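Commentary on secondary and tertiary structure
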2 protein chains.
Amino acid sequence: MPRAGLDPAAVVAAGAALADEMGFGALTMGGLADRVGVRTPSLYKHVAGQEDLVRRIAALALEEAAQAVGTAIQGLSGRDALAAAAHAFRAYVLTHPGRYAATIGIEATGPDDSMAVAASRALDSFRAVLRGYDLPATDEDHALRTLRSALHGYATLQSAQGFRWSADVDESFEWLVDLLDRGLRGSAAPR
Amino acid sequence: MPRAGLDPAAVVAAGAALADEMGFGALTMGGLADRVGVRTPSLYKHVAGQEDLVRRIAALALEEAAQAVGTAIQGLSGRDALAAAAHAFRAYVLTHPGRYAATIGIEATGPDDSMAVAASRALDSFRAVLRGYDLPATDEDHALRTLRSALHGYATLQSAQGFRWSADVDESFEWLVDLLDRGLRGSAAPR
DNA sequence: ACCGGTTGGCTAATACCCTTAGCCTTCAGC
DNA sequence: GCTGAAGGCTAAGGGTATTAGCCAACCGGT
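A few points on the structure. On a predicted model such as this, the values are computed, not experimentally measured, just so you know.

Our focus in this paragraph is the packing of aromatic side chains. Residues and elements named next belong to chain A. Overall, the coordinates contain eight aromatic pairs over all chains when judged by the stated rule. Residues Y154 and F173 carry aromatic rings whose centres are separated by 5.0 Å and whose planes lie at 55 degrees to one another, so their mutual orientation is tilted. Here Y154, found in helix α7 (residues 140–159), pairs with F173, found in helix α8 (residues 169–185); they are 19 residues apart in sequence, far enough to count as distant. Like F173, Y154 is buried. Of the aromatic side chains, those joined through ring pairs into one cluster are F89, Y100 and F126. Taking the ring centre of F173 as reference, the NZ or CZ of R90 above it sits at 4.2 Å.

Below, the discussion takes up the interface of chain A and chain B. Chain A puts 38 residues into the contact, and the matching count from chain B is 38 residues. Both sides of the chain A and chain B interface together cover about 3500 Å² of buried area, and 61% of this is carbon and sulfur. At the boundary of chain A and chain B, one finds zero salt bridges. Linking chain A to chain B there are 13 residue pairs in polar contact (both at pLDDT 80 or more). Among the secondary structure elements, those contributing two or more residues to the side of chain A that touches chain B are α7 and α8 of chain A. Grouping the amino acids of the side of chain A that touches chain B by side-chain chemistry returns 15 nonpolar, 14 polar and nine charged.

Glancing now at the protein's contact with DNA strand C. Taken together, 21 residues lie near DNA strand C, and R3, Y44 and Q50 of chain A together with R3 and R39 of chain B sit nearest. Backbone atoms, meaning sugar and phosphate, form 60% of the atoms of DNA strand C found within 4 Å of the protein. Between DNA strand C and Q50 of chain A there is a distance of 2.7 Å, counted from a phosphate oxygen to a side-chain nitrogen or oxygen. Residue K45 of chain B places a side-chain N or O atom 2.7 Å away from a base oxygen belonging to DNA strand C. Residue composition of the surface near DNA strand C, grouped by class: nine nonpolar, eight polar and four charged.

Mapped onto the fold, Q158 of chain A is located in helix α7. Setting aside residues no more than four positions away along its own chain, Q158 of chain A makes contact with R90, L94, F163 and V169 of chain A.

Further remarks concern the protein's contact with DNA strand D. Around DNA strand D, the surrounding shell holds 21 residues, and the nearest of these are R39 and S42 of chain A together with R3, Y44 and Q50 of chain B. When the atoms of DNA strand D within 4 Å of the protein are sorted by group, sugar and phosphate make up 60%. Backbone polar atom of L6 of chain A to a phosphate oxygen of DNA strand D: 3.3 Å apart, as the coordinates give it. Take T28 of chain B: an N or O atom from its side chain is 2.9 Å from a phosphate oxygen of DNA strand D. Broken down by class, the residue content of the surface near DNA strand D amounts to nine nonpolar, eight polar and four charged.

Attention now moves to helix α7 (residues 140–159) of chain B. Residue and element names in this part refer to chain B. Its 20 residues place the ends of α7 28 Å apart at the C-alpha level, agreeing with the 28 Å of an ideal helix rising 1.5 Å per residue. Of all 20 residues that make up α7, 17 are buried, and the element is covered over most of its length. In the segment just after α7, Q161 is the residue with positive phi, at about 60 degrees.

Moving on: the packing of α7 of chain A against α8 of chain A. Residue and element names in this part refer to chain A. Viewed as axis vectors pointing N to C, α7 and α8 meet at an angle of 175 degrees, and their least axial separation amounts to 12 Å. The angle between α7 and α8 falls in the class roughly antiparallel. Side by side, α7 and α8 meet where A143, T146, L147, A150, L151, Y154 and Q158 of the first sit next to V169, S172, F173, L176, L180 and L184 of the second. Tallied by class, residues from the contact of α7 with α8 come to 10 nonpolar, three polar and no charged.

For soluble globular proteins, the rule of thumb is that nonpolar side chains tend to be buried together. L184 of chain A together with L184 of chain B are the most contacted members of the largest nonpolar core, which has 68 residues in total. Those elements that place two or more of their residues in this core are α4 (78–95), α6 (114–130), α7 and α8 of chain A together with α4 (78–95), α6 (114–130), α7 and α8 (169–185) of chain B. Counting residues in each nonpolar core, the second largest holds 24 residues, with A14, L32, V47 and V54 of chain B among its members.

This next bit is on the pattern of salt bridges. Inspection of every chain in the model, using the stated rule, returns 26 salt bridges over all chains. Between R127 of chain B and D141 of chain B there is a salt bridge, with its nearest N and O atoms 3.8 Å apart. Of this pair, R127 of chain B sits in helix α6 while D141 of chain B is found in helix α7, placing the two residues 14 residues apart along the sequence. Given the relative accessible area of 14%, D141 of chain B is considered buried. Through salt bridges with shared partners, one network takes in D124, R127, E140 and D141 of chain A.

This paragraph deals with the relation of the copies chain A and chain B. At an RMSD of 0.3 Å, chain A and chain B line up after a rotation of 179 degrees and a shift of 0.0 Å along the axis. Seen this way, the second copy is the image of the first under a two-fold rotation axis. Mapped onto chain B, 97% of the interface residues of chain A again fall at the interface, so both copies present the same surface.

Rules behind the numbers
- Residues numbered from 1 in each chain as written.
- Chains lettered and ligands numbered in written order.
- Predicted model: local features only at pLDDT ≥ 70, side-chain atom pairs only at ≥ 80, totals over all residues.
- Heavy atoms only, no water.
- Phe/Tyr/Trp six-rings, centres within 6.5 Å; stacked < 30°, edge-to-face > 60°.
- Helix = DSSP H or I, 4+ residues; strand = E, 2+ residues; numbered from the N terminus.
- Buried < 20%, exposed > 50% of the residue type's maximum accessible area, 1.4 Å probe, protein only.
- Lys NZ or Arg CZ within 6 Å of the ring centre and 35° of its normal.
- Contact = heavy atoms within 4.5 Å.
- Buried area = accessible area lost by both parts, 1.4 Å probe.
- Salt bridge = Lys/Arg side-chain N within 4 Å of Asp/Glu carboxyl O.
- Polar contact = N/O pair within 3.5 Å; in protein donor to acceptor, adjacent residues only side chain to side chain.
- Nonpolar A, V, L, I, M, F, W, Y, C, P; charged D, E, K, R; others polar.
- Near = heavy atom within 4 Å.
- Expected span 1.5 Å × (residues − 1).
- Axes fitted to C-alpha atoms, helices over the stretch in contact; angles between N-to-C directions.
- Parallel < 35°, antiparallel > 145°, perpendicular 65-115°, else oblique.
- Core = buried A, V, L, I, M, F, W, Y, C linked by side-chain atoms within 4.5 Å.
- Least-squares fit on C-alpha atoms with pLDDT ≥ 70 in both.

Rendered as structure tokens:
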């Protein structure tokens with residue numbers, strides 16, 4: 001029996017792809033084994049178990065999302081940076097719904113966890129956006145959470161078909177970005 | 001063997017309570033059967049299966065959330081109504097994390113689905129909040145989605161322990177409400 | 001009071017799914 | 001070429017959702 005030439009990264013990548021295609025709920029060890037051409041127990045040579053797999057997929061997703069947002073805001077600031085970050089983030093979640101879903105409901109085991117590292121890299125990108133709005137230092141964490149909540153909420157609701165009625169989804173998203181921009185500008189430190 | 005006196009509503013209520021206590025992921029047919037004092041297969045006399053159970057729990061959660069928001073905003077308008085709605089919603093999600101978690105990742109089967117009905121009732125409550133901000137009619141759907149995204153995002157992230165770092169969660173939420181209020185006021189129709 | 005049908009329990013059995021144990025082949029380095 | 005680790009495999013066990021089929025309990029009318 002020839003070897004399949006797998007390694008952890010390949011298994012995780014295949015799992016992420018499978019989750020995107022079939023939905024995160026349909027991600028199964030058996031299905032993943034089929035996809036990479038191996039019997040189920042063999043996966044355990046590369047990954048400690050399903051929870052570990054999900055954790056790694058989540059780390060990958062956060063890494064990729066941070067990357068997407070980071071490059072999108074290059075050279076931009078203020079409203080432009082905000083809009084670019086928001087669009088990049090939403091586009092990432094919509095094209096990779098399965099792997100992004102892996103990130104919710106997972107807790108990092110510690111501060112050196114690869115997921116925690118990826119998450120803080122993602123936050124750094126958004127922090128860069130906020131730098132264009134000179135907020136009081138004490139407001140930065142609040143603004144970060146607000147930004148993350150709004151974008152996360154919109155992207156997950158849309159990807160779960162949560163917006164069933166009339167108005168155009170892209171138009172609504174522009175409106176959301178506008179509101180965030182106005183809100184952030186209104187919070188600027190008095191000078 | 002005496003009867004347990006169950007009906008669908010009792011099963012769903014017990015399932016929702018179990019999900020709140022143990023976490024949505026730990027909601028299992030066997031565990032629910034234990035809790036209501038019955039063997040697992042008997043549940044199928046009241047509920048079509050696990051998916052049906054989850055769907056009904058989700059509908060219940062949306063119904064209750066709509067109710068909570070609706071009564072919270074009675075007699076209020078503008079910023080007060082917004083703050084009351086936001087607090088009521090977040091409080092509901094935080095006290096009932098399990099049943100609210102049932103609402104994510106579920107699609108309504110059709111417009112007459114009980115979940116869809118409950119969802120639109122919840123939206124009506126938020127629509128009432130927006131009426132205090134006289135927005136242009138075309139912006140109402142956008143504002144509704146924005147509101148829902150921000151509140152849903154914040155509540156789910158917090159309930160999933162998504163906010164790990166320093167700043168106070170309640171303070172951040174106030175900040176979010178402030179930003180929404182400012183943003184909405186800035187979108188009022190010119191007169 | 002009975003009696004028949006429906007309702008709501010039950011046991012048994014099936015089909016997945018995740019995981020562990022233990023074996024055996026392949027491959028890389030010496 | 002040998003040897004040891006790495007990466008496949010089969011077999012087996014435990015958990016979960018679900019279905020089939022049986023039987024007792026309840027409710028109505030007579």
